[in-house]
Amino acid sequence: MTSDQTLLFGLLALVLGMLLWGKWRHDLVAAGGLLLAVVLGLVSADDAFSGFSNHAVVIVALVLVASRAFENTGALGVLTRWAIKDDRSTGTHITLLGGLGAALSAVINNVAALAILMPMDVQAARRVGRPPGVTLMPLAFATILGGLVTLIGTPPNIIASAVRQQQLGQPYGMFDFTPVGGVVAIAGILFVAVIGWRLVPKRQDKAAEIMSTASFQAELLVPEGSVAIGRMVADLDEETEKADVALMGIVRETTRHQHFRAMSIAAGDLLMVRGSTDSIAAFIKMMGLQEPLVEDDEKEKESAPAEVKINVANTSQGDKKEEKIEEDDEEPAPKPPEIVEAVVKSDSYLVGRSAGGMSLRPRFGLMLLGIGRAGSVTRERVRRRRIESGDVLLLSWRAGKKPAVLDQLGLIPINRVSVDQFHPRDAILTVGLFAGAIIAASTGLLDFTVAIAIAVAAYGALGLVPARDFYEQIDWPVVVMIACLLPIGVAFEKVGGTALIANAISTYTQAYPPIVALAVMMVVTMTLSDMLNNVATIVITGPIAVDLAKSLHANPDTFLMGVAIAASCAFLTPIGHKNNMLIMGPGGFRFSDYWRMGLPLEIVVLAVAIPMLLLVWPIGAVS
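**Student:** Help me understand the overall build of the protein chain in this model?
**Tutor:** Along the backbone of the protein chain there are 27 helices and eight strands. Pairs at least 24 residues apart make up 79% of the contacts formed inside the protein chain by residues separated by at least 6 positions.

**Student:** Is there a simple way to think about the pairing of strand β2 (residues 246–252) in this case?
**Tutor:** Consecutive side chains of a regular strand alternate in pointing toward one face of the sheet and then the other. Relative to strand β4 (residues 270–275), β2 is paired through five bridges, and the arrangement is antiparallel. Directly across from Ile250, in β4, lies its bridge partner Leu271. Summarising the sheet, β2 and strand β3 (residues 255–257) pair through three bridges and their orientation is antiparallel. Opposite Arg252, over in β3, you have Thr255 as the bridge partner. Two successive antiparallel strands, β2 and β3, enclose a turn made up of two residues, where Glu253 displays a positive phi of approximately 55 degrees.

**Student:** Hey, could you run me through the pairing of β4 in this one?
**Tutor:** Taken across its six residues, β4 has six buried, putting it largely inside the fold. Residues Leu270, Met272 and Arg274 point to one face of β4 and Leu271, Val273 and Gly275 to the other, with burial holding for every one of them.

**Student:** What should I look at first to understand the pattern of salt bridges in this one?
**Tutor:** Two side chains carrying opposite charge are able to pair once their charged atoms lie near each other. Counted by the stated rule, this structure contains six salt bridges. Ionic pairing is found between Asp426 and Arg425, a salt bridge with its closest N-O pair at 3.1 Å.

**Student:** Hey, could you run me through the environment of Thr240 in this one?
**Tutor:** Take Thr240: it is sitting in helix α11 (residues 237–243). Residue class for Thr240 comes out buried when judged on its relative accessible area of 10%. Sequence separation between Thr240 and Phe283 is 43 residues; the distance between their C-alpha atoms is 7.1 Å. Aside from chain neighbours lying at most four places away, what touches Thr240 is Val245, Leu247 and Phe283.

**Student:** Sorry, what's going on with the nonpolar core here?
**Tutor:** Leu145, Phe448, Phe559 and Ile583 are the most contacted members of the largest nonpolar core, which has 134 residues in total. Element by element, the count of residues in this core is highest for helix α3 (residues 55–72), at twelve residues. Among residues more than four places away in sequence, those in contact with Ile583 are Leu114, Met118, Leu136, Met137, Ala140, Gly588, Phe589 and Tyr594. Formed by 27 residues, the second largest nonpolar core is a distinct cluster that contains Leu220, Leu236, Val245 and Leu369.

**Student:** Help me understand the packing of helix α5 (residues 90–107) against helix α7 (residues 133–146) in this model?
**Tutor:** When two helices pack together, their arrangement is captured by the angle between the axes and the distance separating the axes. Two elements in contact, α5 and α7, have axes whose closest approach is 7 Å; the angle formed by their N-to-C orientations is 30 degrees. Taken as axis vectors, α5 and α7 run roughly parallel relative to one another. Two packed elements cross with a definite hand, and for α5 against α7 that hand is right-handed. Mapping the contact onto sequence places Thr90, His93, Ile94, Leu97, Gly98, Gly101, Ala102, Ser105 and Ala106 in α5 and Val134, Thr135, Pro138, Leu139, Ala142, Thr143 and Gly146 in α7. Residues of the contact of α5 with α7, tallied by class, amount to eight nonpolar, eight polar and no charged.

**Student:** Just checking my understanding: could you explain the side chain of Ser348 for this structure?
**Tutor:** Structurally, the position occupied by Ser348 is in the loop between β5 (338–344) and α15 (360–364). Overall, the relative accessible area of 7% leaves Ser348 in the buried class. A polar contact of 3.1 Å, which involves the side chain of Ser348, links it to the backbone nitrogen of Leu350. A polar contact of 2.5 Å, which involves the side chain of Ser348, links it to the backbone oxygen of Leu409.

**Student:** How should I be thinking about the environment of Phe571 in this particular structure?
**Tutor:** Along the polypeptide, Phe571 turns up in the loop between α24 (556–568) and α25 (578–582). With relative accessibility at 0%, the residue Phe571 sits in the buried group. With 27 residues separating them along the chain, Phe571 and Gly598 place their C-alpha atoms 4.5 Å apart. The residues touching Phe571, leaving out its near neighbours within four places in the chain, are Phe141, Ile144, Leu145, Asp530, Asn580, Tyr594, Trp595, Gly598, Leu601, Glu602 and Val605.

**Student:** Looking at this structure, I do not really get the packing of helix α9 (residues 178–194) against helix α27 (residues 594–616). What am I missing?
**Tutor:** Contact geometry of α9 with α27 gives a least axis separation of 9 Å together with a crossing angle of 150 degrees. In terms of orientation, α9 and α27 fall into the roughly antiparallel class. With respect to the hand of their crossing, α9 and α27 are arranged in right-handed fashion. Within the contact between the two elements, α9 uses Pro179, Val180, Val183, Val184, Ala187, Gly188, Phe191 and Val192 and α27 uses Met597, Pro600, Leu601, Val604, Val605, Val608, Ala609, Met612, Leu613 and Val616.

**Student:** Looking at this model, I keep getting lost on helix α22 (residues 514–531). Mind explaining?
**Tutor:** With 18 residues, α22 should cover 26 Å at 1.5 Å per step; its first-to-last C-alpha distance of 26 Å lies within 8% of that length. Restricting attention to buried positions, one finds in α22 the residues Ala517, Leu518, Met521, Met522, Thr525, Met526, Ser529 and Asp530. In the core, the buried residues of α22 are packed alongside α21 (497–509), α23 (534–551), α24 and α27.

**Student:** What exactly am I supposed to notice about helix α17 (residues 424–442) here?
**Tutor:** Since there are 3.6 residues in each turn of an α-helix, residues three or four apart along the chain are aligned in direction. When the terminal C-alpha atoms of α17 are compared, their 26 Å separation across 19 residues agrees well with the 27 Å that a helix rising 1.5 Å per residue should span. Two residues or fewer after α17 comes Gly444, characterised by a positive phi angle close to 80 degrees.

About the criteria used
- Residues numbered from 1 in each chain as written.
- Predicted model: local features only at pLDDT ≥ 70, side-chain atom pairs only at ≥ 80, totals over all residues.
- Heavy atoms only, no water.
- Helix = DSSP H or I, 4+ residues; strand = E, 2+ residues; numbered from the N terminus.
- Contact = heavy atoms within 4.5 Å.
- Pairing = 2+ DSSP bridges.
- Buried < 20%, exposed > 50% of the residue type's maximum accessible area, 1.4 Å probe, protein only.
- Salt bridge = Lys/Arg side-chain N within 4 Å of Asp/Glu carboxyl O.
- Core = buried A, V, L, I, M, F, W, Y, C linked by side-chain atoms within 4.5 Å.
- Axes fitted to C-alpha atoms, helices over the stretch in contact; angles between N-to-C directions.
- Parallel < 35°, antiparallel > 145°, perpendicular 65-115°, else oblique.
- Left-handed = near helix turned anticlockwise from the far one by under 90°.
- Nonpolar A, V, L, I, M, F, W, Y, C, P; charged D, E, K, R; others polar.
- Polar contact = N/O pair within 3.5 Å; in protein donor to acceptor, adjacent residues only side chain to side chain.
- Expected span 1.5 Å × (residues − 1).

Rendered as structure tokens:
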């Protein structure tokens, strides 16, 4: 090996080892590795930050913003409620919800797809008394599999396309991954729905048990335009059963009516609703409700203690900020984007105070919807009830509000649920713009990156994604990591590192057909991806796969597509993919639980993917 090869192999070993160790953030490790490569002369200063202009990096960021537009319209929630029914068998539930998750993952970020579906899946499991992990792991794996179907489904596909453009002169199209990835995804989902879920350890998550016992009595306003207006309370039985809530009464003009079944609901009424966080959120969405617009008339003359005054309004600048919040509060309040479930700490400022006397809304931007206390039921108005240590509060969370305010109040957030409404016009615009971008790119009318950028810009112009959410929605550590690893990968190929590894694999498999080298390459990639980030894996193995194919006089696309699939299929460990990590807590999983279903699933992926690769991308034909 040359000195540059030795240095680059050592640098890669250091970077991959640090990524595997996991003590420092992946983006910082990648950035440190890139800077070290520049210092060692392995990457030129001109090329050091070229990764940030790479189309792969831009597409990853744009898809994350586009995912937000799909979430904001509420269309995905409508689809999810259709897919979840309590009377379905576990296998049918996994097939439908997993299929929906895979379909979403094909067009939006797969982490976002899981985040949308996971709370509803957990809620469904609690209603039927099933451990959440039984369906959570199949759902997480299904959303990973769905990313195999399109170019934008998962970052490894985007990186593989960039490698192809660099090595072969042309990137992959939007649906070049579909024939193989689609069949693999279908086979994988069928496996987890029929066999895989039976292999999952049935552990009840303690946090889920605590959260499932939290039941609230909330006061919800019936605003103008609500679908509840004019309907008899008795006629809402179907909706309350679907949302799993109970109507406890109606407050009209400060009078609470306990005999309310025959009452007709009017705008301005307060519905007294009892249920869990997820159930109340579902009922808000279903009926078009919102939080009360005014505080209780009987406000208590209480003042905040010194420590809260210091945190919130100690300076003249803070006073001006607080005054501005009160002015904003006089405007019609928007429907809350989400509600927050939080536990009251023993030293909380709220302990001993009634909700009506705290002025949470003008001072902190929060609105108390309900109080849960060890499953107890009370007929007392929410805003008149004294808060105690250990209570679980249901709060309306204003758009753009920072979590620090909860810490100031002595609250520990344990659950957040979106209550965005379904907006048909916005949903049609979101899907239409995205579909138009895909069609324009697929027909060659526009470059794919430009087409997606135009769609995302339109989302901002039309208000489908608020401007403040653009930068918050982008997963910057992932973007930075990809941008920093790409120049290292290019340097590795330039100094002959990829060819060296490819020749080694070719030498050991030369006595066998090329399909054996393909299988070895995919197994190695899967193994690396189970331990490392899948982006880091494909950045290294993508160029190696192309060089290996060239040394075997085989089709590079067969090998590059193979490692793209293998890099995404990390099912053995929680660190292999973000979706695996997301379900670890709610499912009560241990590190060693994933291989039980993950290992046979990876075997299924290999058994299906290799024949499909040979069929769609013949190994002996060079495209």
